[in-house]
Amino acid sequence: QVQLVESGGGLVQPGGSLRLSCAASESVFRLNSMGWYRQPPGKERESVATITRDGRIDYTRSVKGRFTISRDNAKDTVYLQMDSLTPEDTAVYYCNAKQTARDGIWVHDYWGQGTQVTVSS
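Residues numbered from 1 in each chain as written. Predicted model: local features only at pLDDT ≥ 70, side-chain atom pairs only at ≥ 80, totals over all residues. Heavy atoms only, no water.

A.B. asks: Can you help me understand the pattern of salt bridges in this one?
C.D. replies: Should their charged atoms come close, side chains of opposite charge can pair. Considering all chains together, one arrives at 4 salt bridges under this definition. Taking the shortest distance from any N to any O, the salt bridge between Arg38 and Asp89 comes out at 3.0 Å. Note that Arg38 is positioned in strand 4 (residues 31-39) and Asp89 in the loop between strand 8 (77-82) and strand 9 (91-100), a separation of 51 residues in sequence. Taken as a pair, Arg38 and Asp89 share a single burial class, namely buried. (Salt bridge = Lys/Arg side-chain N within 4 Å of Asp/Glu carboxyl O. Helix = DSSP H or I, 4+ residues; strand = E, 2+ residues; numbered from the N terminus. Buried < 20%, exposed > 50% of the residue type's maximum accessible area, 1.4 Å probe, protein only.)

A.B. asks: Please explain the sheet that holds strand 8 as it appears in this structure.
C.D. replies: Pairing between the strands of a sheet is mediated by backbone hydrogen bonds and can be parallel or antiparallel. Taken in spatial order, the 4 strands line up as 1-3-8-7 in an open sheet, and their pairing is antiparallel. A strand with exactly one partner marks an edge of an open sheet, and here the two such strands are strand 1 (4-7) and strand 7 (67-72). Averaged over all pairs of adjacent strands, the angle between strand axes in this sheet comes to 15°, irrespective of strand direction. Here strand 1 pairs with strand 3 (residues 18-24) via 4 bridges, running antiparallel. Paired with Ser7 across the strands is Ser21, a residue of strand 3. (Pairing = 2+ DSSP bridges. Axes fitted to C-alpha atoms, helices over the stretch in contact; angles between N-to-C directions.)

A.B. asks: Would you explain the packing of aromatic side chains in this entry?
C.D. replies: Any two aromatic rings considered together are summarised by their centre-to-centre distance and by the angle between their planes. Tallying each qualifying case throughout the model produces 1 aromatic pair. Residues Tyr37 and Trp111 carry aromatic rings whose centres are separated by 5.1 Å and whose planes lie at 65° to one another, so their mutual orientation is edge-to-face. Here Trp111 lies in strand 10 (residues 106-111) and Tyr37 lies in strand 4, a separation of 74 residues in the sequence. For Tyr37, a relative accessible area of 15% gives the class buried. A cation over a ring is seen here: Arg45 above Tyr94, with NZ or CZ 3.8 Å from the ring centre. The ring of Trp111 is capped by Arg45, whose NZ or CZ atom sits 4.8 Å from the centre of that ring. (Phe/Tyr/Trp six-rings, centres within 6.5 Å; stacked < 30°, edge-to-face > 60°. Lys NZ or Arg CZ within 6 Å of the ring centre and 35° of its normal.)

A.B. asks: Whenever I open this one, the state of the cysteines confuses me. Can you help?
C.D. replies: Covalent bonding between the sulfur atoms of two cysteines defines a disulfide. Within this structure, the stated rule accounts for 1 disulfide. Residue Cys22 pairs covalently with Cys95 via a disulfide, S to S 2.0 Å. Taking the sign of the S-S torsion, about -85° here, the bridge from Cys22 to Cys95 comes out left-handed. Of the two residues, Cys22 sits in strand 3 while Cys95 sits in strand 9, which places them 73 residues apart along the sequence. Of the two residues, Cys22 and Cys95, both sit in the buried class. (Disulfide = S-S within 2.5 Å.)

A.B. asks: I would appreciate a short explanation of the nonpolar core in the present structure.
C.D. replies: Proteins that are soluble and globular tend to have nonpolar side chains buried together. If you look at the biggest cluster of nonpolar residues, it comprises 27 residues, and the most contacted ones within it are Trp36, Val48, Phe67, Val78, Leu80, Met82 and Tyr93. Elements that contribute at least two residues to this core include exactly strand 3, strand 4, strand 5 (46-52), strand 7, strand 8, strand 9 and strand 11 (115-119). Other than its neighbours up to four places away in sequence, Phe67 contacts Arg38, Val48, Tyr59, Leu80, Gln81, Met82, Asp83, Leu85, Asp89 and Tyr93. (Core = buried A, V, L, I, M, F, W, Y, C linked by side-chain atoms within 4.5 Å. Contact = heavy atoms within 4.5 Å.)

A.B. asks: When you look at the pairing of strand 11 in this model, what are you seeing that I'm missing?
C.D. replies: The side chains of a regular strand alternate between the sheet's two faces. Of the two faces of strand 11, only one is covered, namely that formed by Thr115, Val117 and Val119; the face formed by Gln116 and Thr118 stays uncovered. Two strands pair when backbone bridges link them, and strand 9 and strand 11 are joined in this way by 3 bridges, in the antiparallel orientation. For Val92, the partnering residue across the bridge sits in strand 11 and is Gln116.

Take a look at the structure:
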């Protein structure tokens with residue numbers, strides 16, 4: 001069974017940094033898009049950043065300029081460098097990977113278990 005294994009969450013003071021990592025537990029074909037979603041307390045899950053296999057990146061407006069997403073295609077690993085963190089970034093962060101068919105059409109989502117990020121002084 002394929003799993004997305006996340007690490008790097010924790011408690012950090014405002015203005016601090018964290019780096020999240022997420023790796024597939026085994027090789028999976030055509031993970032075209034990998035990224036991070038988050039769910040703040042009492043709110044809906046939202047997309048944070050995504051990156052495609054060929055390097056196309058999208059950030060949600062609230063993190064643009066502060067977060068940096070990257071991936072290692074050979075390792076099926078995605079990273080999220082988070083700088084200038086604020087209390088509003090506090091959430092459970094979930095890794096996501098979208099598997100596509102050969103023609104690029106989505107076929108399946110994989111999700112990590114979530115890692116807690118808390119920004120507080």
